[in-house]
Amino acid sequence: MFPSKERGFMSFKHEEPANLPVSERVKNFKEFAGTLTPAKTRQQAYRCMDCALPFCHYACPLGNVIPDFNDLIKDDKWPEALKQLHSTNNFPEITGRVCPAPCEAACVLGITGTPVTIEYIERAIAEHGWEAGLIMPEPPEQRTGNTVAVVGSGPAGLAAAQQLNRAGHTVTVFERHDEPGGLLTYGIPAFKLGKGVVQRRVGQLKAEGVEFRCNAWVGKDVPTSLLGEFDAVLLTTGSTKARTLDIPGADLDGIHLAVEFLTQQTRRVMGKDIEGKEITAKDENVIVIGGGDTGSDCVGTSIRQGARHVWSIELLPRPPLERDDTMPWPLWPAILRTSTSHEEGGERQWSILTKRFTGENGYVKHLHAVHLEWSEPDEFGRRKMKEVPESDFTIDCDLVLLALGFLHPEQDTVIQDLGLELDARGNIKTGQNFQTSRPNVFAAGDAHRGQSLAVWAIHEGREAARCIDIALMGRSDLPSATSHGYDSLGDGTAPY
Amino acid sequence: MRAISTKGCYDPRYEHEGCGVGFVVNIDGAKSHTIIRQGIQVLENLVHRGAAGCDPETGDGAGMIVQTPHRFFAEQAEQLKFDLPEPGAYAVGMVFLPQDAEGRAACMGLVEEAIKEEGQTFLGWREVPRDSSAIGWLARENEPVIEQVFVKRGPGLDVDGFERKLLVIRRVAERAVRDCEISSGEEFYVASLSARTTCYKGLMLAHQMARYYPDLSDAKFESALALVHQRYSTNTFPTWPLAQPFRFLAHNGEINTLRGNINMMASREQHFASPLFGEDIRKLRPVLTCGASDSAIFDNALEMLVRGGRSMAHSVAMMIPEPWSGHESMPDDKRAFYEYHACLMEPWDGPASIAFTDGVRIGAVLDRNGLRPSRYWVTADNFVVMASEVGVLEVPQEKIIKKGRLEPGRMFLIDTEQGRIVDDDEIKKSFANMRPYRRWLNQNRVTLPTSPKETPPVQERASLLERQRVFGYTLEDLAILMAPMAQNGKEPIGSMGNDAPLAVLSDRPQLLFNYFKQLFAQVTNPPIDSIREEVVMSLETTIGRERNLLDETPEHCQQLFLKTPIITDAQLEYIKELGAPPPTLWPAGRKAGLKSVVISTLFNAKAGTKGLGKALDRICAEALAAIAGGATILILSDRGVDKDHAPIPSLLATGAVHHHLVREQTRTECGLVVESGEPREVMHFALLTGYGAGAVNPYLAFETLDDLLARGVLNLQGFDEAVKNYIRAVEKGLLKVMSKIGISTQHSYRSAQIFEAIGLSGRLVDRYFSGTVTRIEGIGLEEIAKETLMRHAIAYPTQRARWPELDPGGHYRWRKRGEFHQINPESVATLQHAARTNNWKTYKQFAEMINNRNRTLATLRGLLKFKKATHIPIEEVEPIEEIVKRFVTGAMSFGSISKEAHETLAIAMNRLGGRSNTGEGGEDPARFKPDPSGDLRRSAIKQVASGRFGVTNEYLVNSDEMQIKMAQGAKPGEGGQLPGHKVFDTIAKVRYSTPGVELISPPPHHDIYSIEDLAQLIHDLKNANVHGNVSVKLVSEVGVGTIAAGVSKGKADLVLISGYDGGTGASPLSSVKHAGLPWELGLAETHHVLVENNLRSRIMVQVDGQMKTGRDVAIAALLGADEFGFATAPLIVCGCVMMRKCHLNTCPVGIATQDPELRRNFRGKPEHVVNYFQLVARELRKIMAELGFRTVNEMIGRADMLEFDPLPGHWKAKTLDLARVLYVPQLWEGETCYCSKAQDHGIDKALDHEIMEKARPALENKTPVRLEQTIRNINRTVGTMLSSELTRRHKLGMYGGHLPEDTVWIDCKGTAGQSFGAFAIHGVTFYVEGEANDYLGKGLSGGKIIVRPAKECKFEAEKNILIGNVVLYGATGGECYFRGVAGERFCVRNSGARVVVEGVGDHGCEYMTGGRALILGKTGRNFAAGMSGGVAFVYDEDGTFPSRCNLGMVDLHPLDQESISVVQGMLERHCAYTGSPVAKGVLDQWRRVVDKFVQVMPRDYARVLSEQRAKELARR
């Protein structure tokens, strides 16, 4: 049935599982993405060429050893593949859903054809693991007696907490919301990442002994001084300060940050109360400003809520359809991506600069904008924009969602209290070992590197956990993406 | 005296020599002066086998041994005023003395004293008359004063006793000179001191001999025998004493196992006892002359054996045994003789033709593989001449009664006392029956039993995972090395080169094994094909206590006999129980004299680095104590590691005990067995045995296999099968590692130390690996301990281990948490981007990644930095266009890479004015003409590799450079294989083979077994294309500089030094990782030796191996390179993404594949490659401007502009010292340290000029001519230049057509020299009356050659040798008829010639891929080994042929209808051309004999032919 491993890529074609049809999936907020069957997963794994220079592994921030788990799947060794996957990634079922898959962009098969469906394989392995009961709590055998506080329970915080706990430290996670997960819970819509998926993982952490304290905003609900009781502190508060528009009419009602809109919808899906005024797109003309992932999430959510019309506008020009010389393989190509939400409807426009909003009765009614012309990139890759003369236009709208990205962490609570140094971009500054300007206070994830992908957050959480372990124990046996651990022996035999 | 400095990378131990040897003898012992004259004549006719260095008049050495010329000396004695007694009652010593009078007098005094001391009578001195004007100036500079000393035999001694006393005197005198502090004492040397023989020799060329020594011209100077030698050394400064012959012998060859032999001999001599010597024996130690050449040391050992009482023949047979273990038909008594003597001493292994004499008997022996030619004639008047070539002496042909050759492993002996030739069987029978060897063996030797079933692995306290970590196992060890070994019984294959750091530069702990690199044979001796020539290979060994070498008793063979050095757990148990009664596991029946003791090699992990040193002292002491307590087998065991106990690296433990015992001179008292969890790959076992282990039990490897089985990784029956396969894979690998250096037996490989260390401190090596070369210093015990403890710490985590798995390794497949690689995803992507967009900024990023040593500490050049210098404006630096002409691309065959990739590189290099390389495998002549676009797809460099695929006259004529590939960085010393499924039609066409049939490239060039052979091939190629340059590709290893010097003396125009890290299409992984050295070392050594030998300015030096940036080029130039080769980088530019799957034909980017579908994916463009090289040149120009160099020539060899940057932060690299690499050799006056002049190839002296003159009508307008020509052995490569000139003028070839048959017909009379008719083309016919030497019809490209004995010859031609070894090597077409017998390796790699011959030696039709061979007589052993195509017909009169045929790839059939007519046709032509009565007889009785013909048909070939036929039929 299967060819030799070397020739698999010549025998099998790229194949993705079918998603639920648009007409079906927009009816609710359930996950709609298809999963590869085990048999299909194996076939797709067979396409992996086990490159001696695995560009996928290089491109993956987590350092997922993709050829290795593919090889195990070729041999139908699911539990081993899961173990392999977990050796670099705490939450493969999550990254298997939400990661943009830089690995696939770097796949050698992609040079001349279509890459291996790495993300589907990852997800299939992880889901198989849950279904087969292979993913169990792994509490530490011994406790070290050290306590660690993790502030923020997004992907970075969760990954760090799990690693630290497994190393035997007693971990308390502080979360300002009522539910752990950070953006995984309230940022990403449920139709992309089912909330049960996150809760399932949090359940594992809890069973392993991680203590979660929700509704505990450090610096507000909980005094920052409490952190002084811990042997080490890790800040994974995320990059939550959203970028806004400073133009006339921006304070009109009906103009909201995307995250507020998305959070409300998730609370609704989870059957939770919504505090304050409800934002809904039902029967409205919706404009989403910002063409990134969050913008796309707003589009999908608006359509599900029953919006009359959805526009999605973007300042930058429309990206090319294919790679060009400025983004050669294996770099991440900034090409036009059509997300599943875009498939569902809405109208996309590029090179548009929003000039102002006007409204009636304090409510937004019109968006006034102008078309842009972008220059060719200069030697540093920068483009200059120019308004196209007399191209002003107006769109009627009832709801405007700002998905313009995030600036940096909110600096006014715990960061301020601890007096941490920030970097030029307003993120928490650390050394190579993730330690901030204060001893035993560490930072990781978006709060440290700025807004980024979940895989980067998990990566930083894991590496920071290892650094904390070294700081506490003098040596760490926690795994790292980039080192086998000879550099963290620290017991006098280490050469460093 | 001038000598080469050892401050650089040069090491004098790696000097090599090749030569011509010969002798003449009157069988009856009748003395005459004629013999002397003939001896000199033989020498003169061998002159082309010798060499001269920078001074053309200074030869490398020549000499002769004669019987002491009594008549002559008697007359001399009268003048000297002393009485000479009867012959035999006095001895003459030939003594080289210091030039300074005082030192000379002192030496002479000491000699006289020694004579008196030993109770003999000193008669007097005679200054040997010499004419110093006869020799070159360089030789004169070092010329000693030569005096003869006369000694009268003392009372009570017979001649043999006297000879023994003379040996004692020589030893005593040598020691006395050494001990008294005469400054010039090292010039003292006794060339001979014997009652029977005298040796005249010196640093000269043959023709100078008679003038230099007027004695030799005196008519009274008489002898019945003369043994002569002409030397070709790699060094220009060979010393006088190293001229040959030595006291007993002249040697053409090389002893590869010397280091081990020396070490063992040192221990052995402590136990010497002989009633013949009595107390004197002590005066003989040390037996071996420290620092002498391999031949000299061999001579020392042989002398000891002979003087110890064995016959000369017996002693020689001990040192150079026949290949007995795999011999199908050896009589048992002879086998027992060899088995018994294996318990006494290991063989001295290596290619050798040794001619020896004790003054009464004279003989010669050939090594087991027959790698040196030796031909002889016997005349009716009882005269024998033997030499490396035939035709060295003019003898009337009608007087000759026998023409023969020495056969592999066979001895040829003439006893002048008995007045007859004694044949090999008789000689060997005589000593095989001397004692009841078989009975002694049966009663005393213990054979290690193979257990019927392996017991499951012994469980230890520590878990498997813990122990795997302690011993540094990686996931790659399991997945890439061990699992395939256990699954397939073969070593795993990989491709592309090695870009990971040297062990000492890696920041990860490395196994001690990784600090060693395998040495390998190149040029001076051939590697062996351990697969196809398995008959000479053996892994059998014995271990246990050795006894007095000078005696033979039953107890001598109280040893343990092992079939293989890799032993199972159960077998180890057996050994452990030896001498420990009562046995439990194994049945009784144990024999006396064997007792094993286990020594633990663990150390206290808590004691840190000091603990290791202490433990080493402990195990050494325990080893000594055990021996004192009667142990004969020591088991070094690292069983029992745990949290507190770490293992001493097994190699360190082995080396420590081995060398401690060597120093204590008790090494031969016991065998060493290693029980260790560490060894797992082939290299590990090679190292352990190479440093003295007799057997290795890799218990953890077995346990790991058990685990792999349990985890379902292996698809096998069970544990037994896994173990069996794994051991088989290791065995195959070991055989290959041994064969790479030309060693055939494990017994002599053991402790031969065929390795170079890199990154180990001299102190460490001196103590634990004494005698191993380590040139750049490095880590010591402390760092080794640290590495061991790091692994140990990883195995015992402070918390529960969180690492879910073993260390990923990352040596073979890049992993983020594995080993660093220079070529990683980032650098590959950046390089591709830079070259495609021709973007300087991106290129700089790439160069920065590679050059920045902090991030990429992978190479030695990373440890160097440029010194500050005065900048010059960049405009003053020579332009990019000039620089890129120095760039070449690597040899990648069309076959290993696709047509698209191959042509892209060629077009790019032609656009730049650089050169691309065909690689092995021919080139389509369609590419020889420019395309309409103006691009030329022709590769300027045509490679000539061992397979000679596609090497036709046309191919060579259409080249700018012809490159002889001696070795390849990724797998030096190994051959290659192109599997049948890759031999597509187009590939088969240019390789002159059959599509679908596997092609094998042998490990050696079968026409290069020695340096003089290489000189011959260079000469051949130069004749084939007088307009092209000849280059020789070598791989960096210690001694490569001396080989390069030899290559330069052999007139190559260019020498290429390849780094070990270069790429490959397919190579065993152990070779990719563990063989060869970085080019920095090889290049520095080469430059250094060439400059100091004054050979540099006449040869171009090129370097390659992971060359990527302008900085790499700059450093290479500063270290001495004129030109620079790149392969991996341009491939990456063409789209290569380092899949390392070239060997699988599945390259997804269309480069290393022939699959049409995948080839479509190729995206490379010539302009990208052009961009890349220009960017590299641009970077180089910047560096040149910074360093103040205007031209590359100015910077070549300016190592003083570099400095070592010791990198204090790196815990291992900081221990290095690159001073030897940066040594700047002193230039001779008026010379340049770059290539500035041309070699003198001596082409103007070629006989072909005469022939071409006579053949002018054919050359001018193809008019047929017939001409006559007298030929001699000194006329080499006859007919080649003529053929090439015809090809060139008439544009002949694959598409250009051929000349009509017999257009040029040359009637030749005499003895054809080497390479007669090489590359002769269709339409050229040679009709030789006489005989021929080696390499006849090499690369025959359609020509016709007929050889028959001279009409005057009276013997039966079919029983005599007519033509030499390696005939028709790589022939692609033509026909030949030989009325007589051929030597070894007839038709090797023939792919088109149709040939008839009347008998052949061993390895006939080896590697043949096409053509037909009809053999009308007996064949030797191993016929058709590796034969994948073509057909052979053998006339097997007595039905014994099948036992001599290697049936690995062929089937034997009777003749069918079709072949009957083929054979008949061949016979008829043979009859017509040669008048062969054999052919006539067969034809006459055709019906009666037709069923005696055997058709030898390669299986694959038969299958492909029948498929083709079926297709043909279907088409009709």
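Procedures and definitions
Residues numbered from 1 in each chain as written. Chains lettered and ligands numbered in written order. Predicted model: local features only at pLDDT ≥ 70, side-chain atom pairs only at ≥ 80, totals over all residues. Heavy atoms only, no water. Helix = DSSP H or I, 4+ residues; strand = E, 2+ residues; numbered from the N terminus. Rg over C-alpha atoms; globule rule 2.2 N^0.38 Å. Buried < 20%, exposed > 50% of the residue type's maximum accessible area, 1.4 Å probe, protein only. Contact = heavy atoms within 4.5 Å. Areas by Shrake-Rupley, 256 points an atom, 1.4 Å probe, with all protein chains shown as cover. Lys, Arg positive; Asp, Glu negative; His and termini not counted. Charge placed at Lys NZ, Arg CZ, Asp CG, Glu CD. Pairing = 2+ DSSP bridges. Axes fitted to C-alpha atoms, helices over the stretch in contact; angles between N-to-C directions. Buried area = accessible area lost by both parts, 1.4 Å probe. Salt bridge = Lys/Arg side-chain N within 4 Å of Asp/Glu carboxyl O. Polar contact = N/O pair within 3.5 Å; in protein donor to acceptor, adjacent residues only side chain to side chain. Nonpolar A, V, L, I, M, F, W, Y, C, P; charged D, E, K, R; others polar. Patch = residues over 30% accessible without salt bridge, like charges linked within 9 Å, V, L, I, M, F, W, Y side chains within 5 Å. Parallel < 35°, antiparallel > 145°, perpendicular 65-115°, else oblique. Left-handed = near helix turned anticlockwise from the far one by under 90°. Disulfide = S-S within 2.5 Å. Expected span 1.5 Å × (residues − 1). Phe/Tyr/Trp six-rings, centres within 6.5 Å; stacked < 30°, edge-to-face > 60°. Lys NZ or Arg CZ within 6 Å of the ring centre and 35° of its normal.

This part is about the overall build of chain A. Check the secondary structure of chain A and you find 19 helices and 16 strands. Whereas a compact globule of 496 residues would reach a radius of gyration of roughly 23 Å, chain A reaches 23 Å, a difference of no more than 12%. Based on the C-alpha atoms only, the size of chain A along its principal axes is roughly 70 × 60 × 50 Å. Sorting the 496 residues of chain A into buried and exposed places 56% on the buried side. In chain A, the proportion of contacts linking residues at least 24 apart, taken out of those at least 6 apart, comes to 66%. For chain A, the accessible area works out to roughly 20,400 Å², and carbon and sulfur atoms hold 49% of it. Within chain A, the 67 negative side-chain charges are centred at a point lying 3 Å from the centre of the 51 positive side-chain charges.

Attention shifts here to the sheet that holds strand β28 (residues 755-760) of chain B. All names here are of chain B. As summarised here, the arrangement of the three strands in space is β19-β28-β29, forming an open sheet in which the pairing is mixed. Where the open sheet ends on each side, the last strands, each with one partner, are β19 (516-518) and β29 (773-779). Each strand of the sheet is rotated relative to its neighbour by a mean of 25 degrees, with strand direction disregarded. Sheet topology note: the β28/β29 ladder contains four bridges and is parallel. Along β29, the bridge assignment pairs Leu-760 with Ile-779.

Moving on, we come to the interface of chain A and chain B. In this complex, chain A contributes 56 residues to the contact, which on the side of chain B involves 53 residues. Together, the buried faces of chain A and chain B total about 5,000 Å²; carbon and sulfur atoms form 60% of this surface. One can count three salt bridges joining chain A with chain B. When the shortest N-O distance is used, the salt bridge between Asp1155(B) and Arg7(A) registers 3.4 Å. For the pair chain A and chain B, the interface holds 17 residue pairs in polar contact (both at pLDDT 80 or more). Contributions of two or more residues to the side of chain A that touches chain B are made by α1 (8-11), α4 (55-59), α5 (66-74), α6 (78-86), α9 (109-112) and α19 (454-473) of chain A. Top contributing element to the side of chain A that touches chain B by residue count: α4(A), with three residues. The class makeup of the residues in the side of chain A that touches chain B is 29 nonpolar, 12 polar and 15 charged.

Residues and elements named next belong to chain B. A grouping of Asp-100, Glu-102, Glu-186 and Glu-187 is seen on the molecular surface, where their side chains present a negatively charged patch. Secondary-structure assignment places Glu-186 in the loop between α5 (159-179) and β6 (189-194). Its relative accessible area of 73% is what places Glu-186 among the exposed residues.

Each packed pair of helices is defined by two parameters, the angle between the axes and the distance between the axes. Residue and element names in this part refer to chain B. Running from amino to carboxyl end, helix α24 (residues 825-837) crosses helix α25 (residues 840-851) at an angle of 150 degrees, the nearest separation of the two axes being 8 Å. Of the possible angle classes, the one that applies to α24 and α25 is roughly antiparallel. The interaxial crossing formed by α24 with α25 has left-handed handedness. Mapping the contact onto sequence places Glu-826, Ser-827, Thr-830, Leu-831, His-833 and Ala-834 in α24 and Thr-842, Tyr-843, Gln-845, Phe-846, Met-849 and Ile-850 in α25.

This part is about the sheet that holds strand β14 (residues 400-405) of chain B. Residue and element names in this part refer to chain B. In space, the seven strands of this open sheet follow the order β7-β2-β8-β1-β13-β12-β14, with antiparallel pairing throughout. With partners counted over all chains shown, the strands left at the sheet margins are β7 (197-202) and β14, one partner each. Across the sheet, the axes of successive neighbouring strands diverge by a mean angle of 10 degrees, strand direction being ignored. In terms of strand pairing, strand β12 (residues 375-379) meets strand β13 (residues 383-387) through four bridges, oriented antiparallel. The residue bridging Tyr-376 from the neighbouring strand is Met-386, located in β13.

On to the state of the cysteines, then. All names here are of chain B. Counted according to the given criterion, the structure contains zero disulfides over all chains. Cys-1134 carries a free sulfur, and the closest cysteine sulfur to it, the one in Cys-1136, is 9.2 Å from it. A relative accessible area of 1% places Cys-1134 in the buried class. Here Cys-1471 stays unpaired: no disulfide links it, and the sulfur of Cys-1376, its closest cysteine neighbor, is 17 Å away. Residue Cys-1471 is classed as buried on the basis of its relative accessible area of 18%.

A separate point is the pattern of salt bridges. Side chains carrying opposite charge are able to pair once their charged atoms draw close together. Residue and element names in this part refer to chain B. Applying the stated rule across the entire model yields 137 salt bridges over all chains. A salt bridge links Lys-1351 to Glu-1329, with the shortest nitrogen-to-oxygen separation between them at 3.0 Å. Taken as a pair, Lys-1351 in the loop between β46 (1341-1348) and β47 (1361-1363) and Glu-1329 in strand β45 (residues 1324-1332) lie far apart in primary sequence, 22 residues in all. Overall, Lys-1351 belongs to the exposed group, its relative accessible area being 53%.

Take the pairing of strand β3 (residues 90-97) of chain B next. Consecutive side chains along a regular strand alternate between the two faces of the sheet. All names here are of chain B. Extensive coverage of β3 is indicated by the burial of eight of its eight residues. Neither face of β3 is left uncovered, since the one carrying Tyr-90, Val-92, Met-94 and Phe-96 and the one carrying Ala-91, Gly-93, Val-95 and Leu-97 both have all their residues buried. Here β3 pairs with strand β5 (residues 145-152) via eight bridges, running antiparallel. Bridge pairing in β5 links Met-94 to Gln-148. The pairing of β3 with β6 spans five bridges and is antiparallel. Paired with Met-94 across the two strands is Ser-192, which belongs to β6.

All right, on to helix α23 (residues 781-795) of chain B then. Taking 1.5 Å of rise per residue, the 15 residues of α23(B) would be expected to cover 21 Å, and the 21 Å separating its terminal C-alpha atoms lies within 8% of that figure. Buried within α23(B) we find Glu783(B), Ile784(B), Ala785(B), Glu787(B), Thr788(B), Leu789(B), Met790(B), Arg791(B), His792(B), Ala793(B), Ile794(B) and Ala795(B).

Okay, the pairing of strand β14 (residues 399-402) of chain A next. All names here are of chain A. Both faces of β14 are covered, namely the face carrying Leu-399 and Leu-401 and the face carrying Val-400 and Leu-402. Relative to β14, strand β6 (residues 255-257) runs parallel, the two being bridged by three bridges. Each residue of the ladder has a partner; that of Leu-257, found in β14, is Leu-402. For strand β7 (residues 285-289) and β14, the ladder comprises four bridges, and the chain directions are parallel. Note on β14: the bridge partner recorded for Val-286 is Leu-399.

Another point: the packing of aromatic side chains. Summed over the entire model, instances satisfying the criterion amount to 50 aromatic pairs over all chains. Measuring from ring centre to ring centre gives 6.2 Å for Phe887(B) and Phe1124(B), while their planes differ by 75 degrees; the resulting arrangement is edge-to-face. Taken together, the positions of Phe887(B) in strand β31 (residues 887-891) and Phe1124(B) in strand β41 (residues 1123-1126) put the pair 237 residues apart, joining distant regions of the chain. Joined through ring pairs, the aromatic side chains of Phe72(B), Phe73(B), Phe82(B), Tyr90(B), Phe96(B), Phe150(B), Tyr189(B), Tyr200(B), Tyr212(B), Tyr213(B), Phe221(B) and Trp240(B) make up one cluster. Arg304(A) extends its terminal NZ or CZ atom over the ring of Phe191(A), reaching a point 3.7 Å from the ring centre.

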